[in-house]
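Coordinate analysis (summary)
Residue-level listing of the chains:
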Amino acid sequence: DAASVSALVGYAAGLWLSDNLTDNMSLAVGWGQTLHLALRGMQPRQVEAMSVVSLLGGLTHSRSINPSAVARRVADMFGADCFQLTAPVFVSNAEIRDALWREPTLRDLLDRARAADVALVSVGDLVPDSTLFREGLLPQSDLAGLKKAGAVGDLVCHFIDAEGELVDHPVNRRIMAVSPADLRGIGLVAIAAGGSHKEHAIRAALRASAAKVLITDEGAAEALLAGSGNAAAAGAERETRHGQ
């Protein structure tokens, strides 16, 4: 049932995370409906000297799936220290974003995120019902412009193209969040996302983050495998034509 995908993938992500936590671990967490639902699958216990770092800024109009709330609840489940990115997830312009990142406390948080042992993130696609647009963080009118710029989805609120590169769009210049490129330095990145309609967004996120773990559903997995086969066939055809 497509309507249950987020709940099931989120629950599986929570179980996966619970099974992979160890003492002295630093965990970086993203945001989104799937990760909010992952809280249901987590098995609370005490993990010694664990820390949780939020990868995104927060919301002034706080909701249950506020990025800071997700990180705090994960930390509470495992008796961990919690480090928050204390700035709005979207600011007015690039100048404000750059000034905020120069703040020593936020630079320290960025360093903590980059040095995390594990990151658990989700992926959004470009549809009106995706979290960023459904929750009103971005206007629906931005959808057309992002698609025109080549975006296929978002990873930690950064919009990326099919190759996993940031698109040239004003939204990407006013985000207070750890960038997809920073995820590459984290020990182990896991992506939790499902639904065959997210195939292109998930594939782009895998490329952007160098994730080694994907928690997904059968529909998305089949679409990803079929797409990989098509890409390989297209590449082989290009090589053949070049050889001729």
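What counts and how
- Numbers given to residues run from 1 along each chain, matching the order in which its sequence is written.
- Confidence filtering applies because this is a predicted model: local features only for residues at pLDDT of at least 70, side-chain atom pairs given and counted only at 80 or more, and all residues used for totals across whole chains, interfaces and linings.
- Calculated side-chain values reflect all of the structure's heavy atoms, with hydrogen atoms and water omitted.
- Elements are defined by DSSP. Helices are runs of H or I of four residues or more, strands are runs of E of two residues or more, and each kind is numbered from the N terminus.
- Each radius of gyration reported is based on C-alpha atoms, and the globular scaling rule is 2.2 Å times the count of residues to the power 0.38.
- In this scheme, a residue with accessible area under 20% of its type's maximum is buried, one over 50% is exposed, and one in between is partly exposed, where area comes from a 1.4 Å probe on protein chains only.
- Our arc is simply the arc of the directions from the helix axis toward the C-beta atoms.
- Only heavy atoms enter the contact rule, under which two residues are in contact if any of them lie within 4.5 Å.
- Each pair of aromatic rings taken from Phe, Tyr and Trp, with Trp reduced to its six-membered ring, is defined by centres within 6.5 Å and is described as stacked if the planes are under 30 degrees apart, edge-to-face if over 60, and tilted in the remaining cases.
- Our definition puts a charge over a ring when NZ of Lys or CZ of Arg is within 6 Å of the ring centre and also within 35 degrees of the ring normal.
- In plain terms, two cysteine sulfur atoms within 2.5 Å form what is called a disulfide here.
- The criterion for strand pairing is that DSSP finds at least two bridges linking the strands in question.
- Crossovers are described as right-handed under a simple rule: with the strands pointing away from the observer, the path leading from the first strand over the helix to the second runs clockwise.

Looking only at helices and strands, the protein chain has 10 helices and eight strands in total. In terms of C-alpha radius of gyration, the protein chain reaches 18 Å, essentially the compact-globule figure of 18 Å for 244 residues. Taken along the three principal axes of its C-alpha coordinates, the protein chain extends 60 × 40 × 35 Å. Looking at the protein chain as a whole, 52% of its 244 residues are labelled buried.

Among all positions in helix 5 (residues 104–114), only Leu106, Leu109, Leu110 and Ala113 are buried. The arc that holds every buried residue of helix 5, seen down its axis, measures 100°, which confines them to one face. Looking at helix 5, the residues exposed on the side facing more than 90 degrees away from the buried face are Pro104 and Thr105. The inward-facing, buried residues of helix 5 abut strand 2 (51–54), strand 3 (81–83), helix 4 (94–101) and helix 8 (180–183).

Once that is clear, we can look at the packing of aromatic side chains. A full pass over the atoms with the stated rule returns one aromatic pair. Relative to phenylalanine 159, the ring of phenylalanine 133 has its centre 6.4 Å away and its plane inclined at 55°; by these criteria the two rings are tilted. Taken together, the residues span a long stretch of sequence, with phenylalanine 133 in helix 6 (residues 131–134) and phenylalanine 159 in strand 6 (residues 158–160) at a distance of 26 residues. On the accessibility criterion, phenylalanine 133 (4% relative accessible area) is buried. Overall, phenylalanine 159 belongs to the buried group, its relative accessible area being 1%. The residue whose ring lies beneath arginine 112 is phenylalanine 83, and the NZ or CZ to ring-centre distance is 3.8 Å.

With that settled, consider the state of the cysteines. This model, assessed by the stated rule, comprises zero disulfides. Free cysteine cysteine 82: the closest other cysteine sulfur is in cysteine 157, separated by 17 Å.

Phi at asparagine 24 takes a positive value of approximately 70°, unusual for a residue other than glycine. Overall, asparagine 24 belongs to the exposed group, its relative accessible area being 59%. Even without glycine at this site, alanine 210 takes up a positive phi of about 60°. Relative accessible area serves as the criterion here: at 27%, alanine 210 is assigned to the partly exposed category.

The subject of this paragraph is the pairing of strand 4 (residues 118–125). Among the eight residues in strand 4, eight count as buried, and that is most of the element. As paired strands, strand 1 (residues 26–29) and strand 4 are joined by three bridges and run parallel to one another. Residue pairing in the sheet places valine 29 in a bridge with leucine 120 of strand 4. The sheet contact formed by strand 4 and strand 5 (residues 153–155) spans three bridges and is antiparallel. Bridging from a neighbouring strand, valine 123 pairs with leucine 155 of strand 5.

This part is about the environment of arginine 97. Tracing the chain through its elements places arginine 97 in helix 4. Not counting the four nearest positions on each side in its chain, arginine 97 is found in contact with Val91, Asn172, Arg173, Arg174, Ile175 and Met176.

Quick look at the pairing of strand 1 now. Side-chain alternation along strand 1 places Ser26 and Ala28 on one buried face and Leu27 and Val29 on a second face that is also buried. Pairing of strand 1 with strand 2, which is carried by four bridges, proceeds in the parallel orientation. Residue pairing in the sheet places alanine 28 in a bridge with valine 53 of strand 2. Once you follow strand 1 into helix 2 (residues 33–38) and on to strand 2, the crossover reads as right-handed.

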